[in-house]
Amino acid sequence: MNKNIVAVCENEASAKALQESGKELGFNIKCEIQNKSNIQNEISAKEISESATVLFVISYEVEDIENIERFIDREYYEVEPKFVIDNAKAVLKEISSELN
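Definitions and limits used
Residues numbered from 1 in each chain as written. Predicted model: local features only at pLDDT ≥ 70, side-chain atom pairs only at ≥ 80, totals over all residues. Heavy atoms only, no water. Helix = DSSP H or I, 4+ residues; strand = E, 2+ residues; numbered from the N terminus. Contact = heavy atoms within 4.5 Å. Phe/Tyr/Trp six-rings, centres within 6.5 Å; stacked < 30°, edge-to-face > 60°. Buried < 20%, exposed > 50% of the residue type's maximum accessible area, 1.4 Å probe, protein only. Lys NZ or Arg CZ within 6 Å of the ring centre and 35° of its normal. Core = buried A, V, L, I, M, F, W, Y, C linked by side-chain atoms within 4.5 Å. Patch = residues over 30% accessible without salt bridge, like charges linked within 9 Å, V, L, I, M, F, W, Y side chains within 5 Å. Areas by Shrake-Rupley, 256 points an atom, 1.4 Å probe, with all protein chains shown as cover. Salt bridge = Lys/Arg side-chain N within 4 Å of Asp/Glu carboxyl O. Lys, Arg positive; Asp, Glu negative; His and termini not counted. Charge placed at Lys NZ, Arg CZ, Asp CG, Glu CD. Axes fitted to C-alpha atoms, helices over the stretch in contact; angles between N-to-C directions. Parallel < 35°, antiparallel > 145°, perpendicular 65-115°, else oblique. Left-handed = near helix turned anticlockwise from the far one by under 90°.

The next thing to look at is the side chain of glutamine 34. Here glutamine 34 lies in strand S2 (residues 28–35). Those residues in contact with glutamine 34 that lie beyond four places of it in its chain are Val8, Cys9, Glu10, Ile39, Tyr60, Ile65, Glu66 and Arg70.

Next comes the structure, spelled out in structure tokens:
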């Protein structure tokens, strides 16, 4: 199973929670932070194409993501940041079960 996940997060706390839980569960998670039209650690086209899925950890609309066209035709999941911060492992386990 492909264990690569790319994530667009609106804050660093959710990105950190994902990366820490991902490491424990054997996922390779690459996160970019998007807030106020600012992108930090932008995910490359290669990283997107090699991922099993895209995770949007945002409290706003997916259509409002900067450079959203990079993710066209990719399977994706949306989750509120508070759920990832509270229990990133549960979020990743649910995604993993759906990918299998």
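Having put the structure on the table, let's press on.
Overall, the coordinates contain two aromatic pairs when judged by the stated rule. Measuring from centroid to centroid gives 5.5 Å for phenylalanine 56 and phenylalanine 71, while their planes differ by 90 degrees, and the two rings are edge-to-face. Of the two residues, phenylalanine 56 is situated in strand S4 (residues 53–57) and phenylalanine 71 in the loop between S4 and strand S5 (76–79); the sequence distance between them amounts to 15 residues. Exposure class is identical for phenylalanine 56 and phenylalanine 71. Each is buried. Members of the aromatic cluster, each reached through a chain of ring pairs, are Phe56, Phe71 and Tyr76. Seen from the ring of phenylalanine 27, lysine 3 lies directly overhead, with NZ or CZ sitting 4.6 Å from the centre.

The next thing to look at is the nonpolar core. Formed by 19 residues in total, the largest nonpolar core has its most connected members in Cys9, Leu18, Leu55 and Val84. Those elements that place two or more of their residues in this core are strand S1 (4–9), helix H1 (12–25), S2, S4, S5 and helix H3 (81–99). Not counting the four nearest positions on each side in its chain, leucine 55 is found in contact with Ile5, Val6, Ala7, Val8, Leu18, Tyr77, Val79 and Ile95. Val8, Ile48, Phe56 and Phe71 belong to the second largest nonpolar core, which has ten residues in total.

Let us now look at a negative patch on the surface. Negative charge collects at one region of the surface, where Glu61, Glu63, Asp64, Glu66, Glu78 and Glu80 lie side by side. Examined against the element boundaries, glutamate 63 turns out to sit in the loop between S4 and S5. What makes glutamate 63 exposed here is its relative accessible area of 59%.

The geometry of a pair of packed helices is captured by two quantities: the angle between their axes and the separation between those axes. At a minimum axis separation of 8 Å, H1 and H3 run at an interaxial angle of 20 degrees. Here H1 is positioned roughly parallel relative to H3, judged by the angle of their axes. By crossing handedness, the relation of H1 to H3 is classed as right-handed. Facing H1, whose interface residues are Ala13, Ser14, Ala17, Leu18, Ser21, Gly22, Glu24 and Leu25, H3 presents Pro81, Val84, Ile85, Ala88, Lys89, Leu92 and Lys93.

This next bit is on the environment of tyrosine 76. Within the secondary structure layout, tyrosine 76 lies in strand S5. Judged by its relative accessible area of 43%, tyrosine 76 falls in the partly exposed class. Residues tyrosine 76 and valine 54, spaced 22 residues apart in sequence, show a C-alpha to C-alpha distance of 4.5 Å. Every residue in contact with tyrosine 76, bar those within four places of it in the chain, is listed here: Thr53, Val54, Phe56 and Val62.

The quantities given are spatial measurements derived from coordinates; they are silent on function.
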